[in-house]
Amino acid sequence: MGNKEQTYQDIMETAFKMFSKKGFDQTSLTNIATEVGISKPAIYYYFKSKDELIKTLFDALVKDIQSFTLIKVENMTAQNVKELLYNVGEKAINRQEKERSFNQLFNHYILLASRDAYYADQLVRIQQYFFNTFYDALIRAVQINAIKDETILIKSQILALLFDNITNFILTGLELDYKKIWKEAVDNTLRGIEYHEQ
């Protein structure tokens, strides 16, 4: 990695840490530049403004969320439908429980969304992504005759709503057995429409 790429990465990582601890209003580009070990004017080579840095970091977080909530439907079989659904929830729960700074930073974006339409729209897109992820998975399960084509739109929405609520509850720091809750939700959602016991 060249010096420019390394400095860019250092800025992103430092912004992640500082924004998650202090929030956006209490963290300046000068704070970030000082922590990275560059001058404030140098940071403008990488980002035109603090707002651009905040947006770039948010876009990276969204890609990260999408990567660990991906369900590879091409790998789905009648026997592993539940396992794939369990796994997507468990990966997200593991990530959030291990990286509290991720939760803290995302909370700051939720607050930012209350006053900035761009972030409000993006949060809706993330939720829509969750709906689509579970709907596509259940559509595939129907195609391979693992489940019946009965109310799968509603069932995918139930999974997406619970998935989103679990991640929100983790943000609060409330200690619950989220993995068991998620597994129970998957079992209950698919009960009665399964062709095969898995």
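Residues numbered from 1 in each chain as written. Predicted model: local features only at pLDDT ≥ 70, side-chain atom pairs only at ≥ 80, totals over all residues. Heavy atoms only, no water.

*Asks:* Looking at this structure, how should I read the UniProt feature "DNA-binding region" (unreviewed entry) in the protein?
*Replies:* According to UniProt, the positions carrying the feature "DNA-binding region" (unreviewed entry) are residues 28-47. End C-alpha to end C-alpha, residues 28-47 measures 13 Å, and it is 60% helix and 0% strand. (UniProt positions renumbered as here; feature names shortened; annotations may be inferred. Helix = DSSP H or I, 4+ residues; strand = E, 2+ residues; numbered from the N terminus.)

*Asks:* Sorry if this is basic, but what is going on with helix α5 (residues 81-98) here?
*Replies:* Residues three or four positions apart in an α-helix share a direction because the helix packs 3.6 residues into each turn. When the terminal C-alpha atoms of α5 are compared, their 26 Å separation across 18 residues agrees well with the 26 Å that a helix rising 1.5 Å per residue should span. Residues of α5 that are buried make contact with α4 (50-68), α6 (100-113), α7 (117-143), α8 (152-172) and α9 (178-190). (Expected span 1.5 Å × (residues − 1). Contact = heavy atoms within 4.5 Å.)

*Asks:* Which parts of the structure should I look at to understand the packing of helix α1 (residues 3-22) against helix α2 (residues 29-36)?
*Replies:* Packed helices, taken two at a time, are described by their axes: the angle between them and the distance between them. Put simply, α1 and α2 touch, their axes get as near as 9 Å, and they point 125° apart. When the interaxial angle is binned, α1 and α2 end up oblique. By crossing handedness, the relation of α1 to α2 is classed as right-handed. On α2, the residues that touch D10, I11, T14, A15, M18 and F19 of α1 are N31, I32, E35 and V36. When grouped by side-chain class, the residues that make up the contact of α1 with α2 number 6 nonpolar, 2 polar and 2 charged. (Axes fitted to C-alpha atoms, helices over the stretch in contact; angles between N-to-C directions. Parallel < 35°, antiparallel > 145°, perpendicular 65-115°, else oblique. Left-handed = near helix turned anticlockwise from the far one by under 90°. Nonpolar A, V, L, I, M, F, W, Y, C, P; charged D, E, K, R; others polar.)

*Asks:* I'm lost on a nonpolar patch on the surface in this one. Help?
*Replies:* Together, F169, L174, L176 and I181 give the surface a local cluster of nonpolar side chains, amounting to about 330 Å² of exposed area. Mapped onto the secondary structure, L174 falls in the loop between α8 and α9. (Patch = residues over 30% accessible without salt bridge, like charges linked within 9 Å, V, L, I, M, F, W, Y side chains within 5 Å. Areas by Shrake-Rupley, 256 points an atom, 1.4 Å probe, with all protein chains shown as cover. Salt bridge = Lys/Arg side-chain N within 4 Å of Asp/Glu carboxyl O.)

*Asks:* Sorry if this is basic, but what is going on with the packing of aromatic side chains here?
*Replies:* Centre distance and the angle of the planes are the two values used to describe a pair of aromatic rings. Counting across every chain of the model gives 15 aromatic pairs. Measuring from ring centre to ring centre gives 5.7 Å for Y109 and Y119, while their planes differ by 40°; the resulting arrangement is tilted. You can see Y109 sitting in helix α6 and its partner Y119 sitting in helix α7, a full 10 residues away along the chain. Of the residues examined, Y109 reaches a relative accessible area of 0% and is grouped as buried. Of the residues examined, Y119 reaches a relative accessible area of 6% and is grouped as buried. Among the aromatic residues, those joined into a cluster by ring pairs are F19, F24, F58, Y109, Y118 and Y119. (Phe/Tyr/Trp six-rings, centres within 6.5 Å; stacked < 30°, edge-to-face > 60°. Buried < 20%, exposed > 50% of the residue type's maximum accessible area, 1.4 Å probe, protein only.)

*Asks:* Just to check I follow, could you spell out the packing of α1 against α4 for this structure?
*Replies:* Here α1 crosses α4 at 90°, and the two axes come no closer than 11 Å. Regarding the angle of α1 to α4, the classification is roughly perpendicular. Contact residues: α1 offers Y8, I11, M12, A15, F16 and F19, while α4 offers K50, L53, I54, T56, L57, A60 and L61. Classifying every residue of the contact of α1 with α4 by side-chain character gives 11 nonpolar, 1 polar and 1 charged.

*Asks:* Honestly, the pattern of salt bridges in this entry has me stumped. Any pointers?
*Replies:* Note on pairing: side chains with opposite charge can pair once their charged atoms come close. Enumeration according to the criterion identifies 7 salt bridges in this entry. Across the salt bridge formed by K82 and D187, the nearest N and O atoms sit 3.5 Å from each other. Within this pair, whereas K82 is found in helix α5, its partner D187 is found in helix α9, the two being separated by 105 residues in sequence. Judged by its relative accessible area of 11%, K82 falls in the buried class.

*Asks:* Hey, could you run me through α1 in this one?
*Replies:* Here α1 contains 20 residues, and its C-alpha end-to-end distance of 28 Å stays within 8% of the 28 Å for a straight helix at 1.5 Å per residue. Every buried residue belonging to α1 is among T7, I11, M12, T14, A15, F16, M18, F19 and S20, and all of these are buried. Residues of α1 that are buried in the fold lie against α2, α3 (40-43), α4 and α6. G23 sits one or two residues past α1 and shows a positive phi near 85°.

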